[in-house]
Amino acid sequence: MAPVAKCNIETLEGDSLSCSIRDHITHSLGKPCSEAGHRDVAMALSMTLRDRLVDRMLETRMRYREARAKRMYYLSIEYLLGRCLGNNLFNMKIDDVCRSLVKDWGFDLEEIREFERDPSLGNGGLGRLAACFLDSLATLDMPGCGYGIHYEFGLFKQSIENDRQVERPDYWMAEGMPLQLERRDQAVIIPIYGRVEDHQGPDGKYLPLWVDWQDLMGVPYDIPIVGFGDKTVNYLRLFAAQSTDNFNMEIFDQGDYIKAIRQKVYSELISKILYPSESISFGKELRLIQEYFLVFCAIRDITRRFLKQNRNIEELPEFTAIQLNDTHPALAVAELMRLLVDERRVPWDRAWNLTNRTLSFTNHTLMPESLEMWPVDLMQKVLPRHLQIIYEINRRFLDEIRIVSNPDDATLRRMSLIEESGGKQVRMANLAVVGSHSVNGVSKLHSELVKKVLFPDYAALWPGKFNNKTNGITPRRWLYKANRGLSALITEAIGDGWIMDLDQLKKLEPLAGDAAFQEKFMAVKRANKERLAAFVAKTSGVVLPPHAAFDIQAKRIHEYKRQLLNVMHIIHDYLRLVEDGYEPPEPRVYIFAGKAAPGYFEAKEIIHLICCVAKVINADKQAAEYLKVVFAADYRVSLAEKLIPAADISEQISTAGTEASGTGNMKFSLNGALTIGTLDGANIEIREAVGEENFYLFGLTAQEVERQLAAGLYDPWEYYGKHPEIRRVLDALSAGRFTPEDPSAFHWIFEKLLSRNERYLHLADFMPYLETHQRVGMEYSRPEVWAQKAICNTARMGYFSSDRTVREYARDIWGIKPVPPK
Ligand code: 26V
């Protein structure tokens, strides 16, 4: 590569891009172009895009400002962005230009993209949803940005060693993160710890003073978020924790150099790691501080921007909406009150009105163990003034409902922000509900259960506050980018309007029965399966027959998601093959992927079981023709992009009433996989959309599950006694069929599944699951039948675009409108 002088990249033609990439190789990386390798080109290309994105970002900011537009700020402790380079190239529509450009230099764009590490700053569904929303907001030209934490270590990297999960730290910035902009000039100082002194103001009113606090610093890093078509660039602002010089200097001045350094290190711990879900009890000081850190930085930044435009704080809700992504940022209720009352001297009632009209809250889980509660003692130590404010909110709220509805003591106790039994704790979900004007669930069923199960008293008090916003996924990443073959086929058939308007996929419906289209559709699927098979062969050494049905369950490992049900079925198929000599109508490949929280014993054991079963089955010659099982390690966005387009069958088999929505279910179906699933979360709506005949339904309903559990009716031994299929599978597990060297390894599963208080009713759903799988197999072996169903899935998934979801939030909750360029 020859060196080239500096130039600007206002245009996106090959010449200017090439010029800028070379310029970055020379001047940002300090290398002669002739020595540049794949990594250097990847870095320089990212920097080139960043330059362009920053220009667009500044332009977008001006546009919003001139329009005096209302803004929405999304507060989320997690963002699962996935790789940015490819996504940016596609959204800016310059992937082809870049591909041929780097090809001229002897590089392959796909290889270059592989250099980027996934920023995995999230655990699963909740974080990925936030990333999809950011994509949709920018694509729809909506003034909406994200606030989060700039974790140094993302979700742990998973590898499988000796058939078990091993966790390693994920230092995601190891290769640098050229896309982000450090904004030291906008750093925020955060008070923490200390105590509250009671004083009287000059007006004679109560004036609390938060004193002796220590301080921390939050340094923002902005990641530009480009919408499809490159018109609007919003940002995701992530804060990293640092110690303040001020704080250190005080200790240095006392002559305690080592203590000062120790404090500095402690401060920086705050944004060091993302907590893997389930791994904390709500007693961990560092996690509470993380939540506060995010909330403080975000609220400070939001109000600073608002006030900079000379606005009266009374107008805050007219110009600002803040969405709380689950309860993790629920301290925003107390922090916004503190800022208004203590700093801006707004009277309490007025401040409460402003806070309530600004904030809204989304619930993402019904699992009781995930409902956050923080010990009052801990909050008293870390956030004394916030605790005081929470108590005051609670006092006024309980007084008010006493007058409005004269509730009995039990109702008051349930509605209180404070849990009194055991050690006192702050109920974060109650705080979020009371402090917000809108509370939503993430699928129709889940939103109903939020009202009935989680917050019945609040729903009775404020029926209008509760609403549903069924989740969605961005079609740009999950179809246009992830499945290039299918994208091209769709565009060839109906044009490319579907990328911005996913409902247009409906136009494919008439082609579902067309033999020529079916053939092309299945050829794309086949090519995706071959690509995945090559990847699996390379990474785990297992050879997969691409003509087999690829059956995939990819999601966090959790008992409620019932990976165990899937494994039990695989064991059943295997034993039928080798013991009964049964030949199935079609060969199957079962692929699992997902991480288990490091402290979640059962989940880690389930991974161990899958790996042990896979080892036995894959080594058995008798099964070789019909059955393969793979555990694909380190599930993350970039792996999902490889797995999902290659799936024939999508496993969505949670116990009804446990999965709030699911979004993987949407990604699979959009990419032409057929779902085998329960009536849970968004499965219900997916089934309605794609048609009953194109969805393999089985299992108890949420109501039936609830009834069985409530009345203690579930008797797993009854199923065990009645069904030889169940007995054979459980006995095989208990007898160590898959762990000859340690025969009792999985006896715990036998015991657990047969225990009367097994919460997820595996055995109740097992026989219907088997029978439904039998039907799946029969239909897969009839290619025209299958192709038609698969095409109908893709054609009818338009509703599940996150563009639709975001428009609904904008209309019903945020009150924001698109501000497109003129
Ligand atoms: C809980 C905790 C507990 C403490 C440590 C860190 C941590 C992180 C996350 C969570 C709750 C996870 C909630 C979640 O991801 N829910 C999922 O949200 C998806 C988007 O709405 C939805 O599709 C899934 O059904 C739901 O499980």
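To be clear, the structure that these remarks concern was listed above.
Notes on the structure follow. (Residues numbered from 1 in each chain as written. Predicted model: local features only at pLDDT ≥ 70, side-chain atom pairs only at ≥ 80, totals over all residues. Heavy atoms only, no water.)

### Some thoughts on a nonpolar patch on the surface
A contiguous nonpolar patch, built from Y257, I258, I261 and V265 and spanning about 390 Å² of accessible area, is present on the exposed surface. Following the sequence through the fold, Y257 ends up in helix α8 (residues 257-269). According to the relative accessible area criterion, Y257 is exposed, its value standing at 51%. (Patch = residues over 30% accessible without salt bridge, like charges linked within 9 Å, V, L, I, M, F, W, Y side chains within 5 Å. Areas by Shrake-Rupley, 256 points an atom, 1.4 Å probe, with all protein chains shown as cover. Salt bridge = Lys/Arg side-chain N within 4 Å of Asp/Glu carboxyl O. Helix = DSSP H or I, 4+ residues; strand = E, 2+ residues; numbered from the N terminus. Buried < 20%, exposed > 50% of the residue type's maximum accessible area, 1.4 Å probe, protein only.)

### Focus: the pairing of strand β14 (residues 359-362)
For a regular strand, the rule is simple: side chains alternate between the two faces of the sheet. Alternating positions in β14 separate into two faces, L359 and F361 on one and S360 and T362 on the other, with burial throughout. Direction of pairing for strand β13 (residues 320-325) relative to β14: parallel, over a ladder of 4 bridges. Each bridged residue has a counterpart across the sheet, and for Q323 the counterpart in β14 is S360. Bridging between β14 and strand β18 (residues 439-441) involves 2 bridges; their strand directions are parallel. Note that in β18 the partner of F361 across the bridge is V439. (Pairing = 2+ DSSP bridges.)

### What about the environment of S159?
Secondary-structure assignment places S159 in strand β5 (residues 157-161). Considering only alpha carbons, one finds S159 and E685, 526 residues apart in sequence, at a separation of 35 Å. Side chain to side chain, S159 and R168 meet in a polar contact 3.3 Å long. (Polar contact = N/O pair within 3.5 Å; in protein donor to acceptor, adjacent residues only side chain to side chain.)

### Things to note about the environment of T663
With respect to the secondary-structure elements, T663 resides in the loop between β23 (649-652) and α26 (664-670). A residue is classified by how much of its surface remains accessible, and T663, at 10% relative accessible area, is buried. Counting along the chain gives 221 residues from T663 to V442, while the straight-line C-alpha distance between them is 9.9 Å. If near-sequence neighbours (up to four positions away) are discounted, T663 is found in contact with L129, N471, G472 and I473. (Contact = heavy atoms within 4.5 Å.)

### Considering the side chain of N356
Structurally, N356 is set in helix α12 (residues 348-358). A relative accessible area of 18% means that N356 is categorised as buried. A distance of 3.4 Å separates a polar atom in the side chain of N356 from the backbone oxygen of G435.

### Description of the site of the ligand
Taken together, 19 residues sit near the ligand, with H364, N471, E659, S661 and G662 positioned nearest. A distance of 2.6 Å separates an oxygen atom of the ligand from a polar atom in the side chain of H364. Within the backbone of G662, a nitrogen or oxygen atom sits 2.8 Å from an oxygen atom of the ligand. Ranked by the residues each element gives to the shell around the ligand, the list is headed by helix α6 (residues 125-139), at 3 residues. (Near = heavy atom within 4 Å.)

### Overview of the nonpolar core
By size, the foremost hydrophobic cluster in this structure holds 271 residues, and its most contacted members are M379, I591, L730 and W814. Per-element accounting of this core gives the leading share, 13 residues, to helix α9 (residues 285-308). (Core = buried A, V, L, I, M, F, W, Y, C linked by side-chain atoms within 4.5 Å.)

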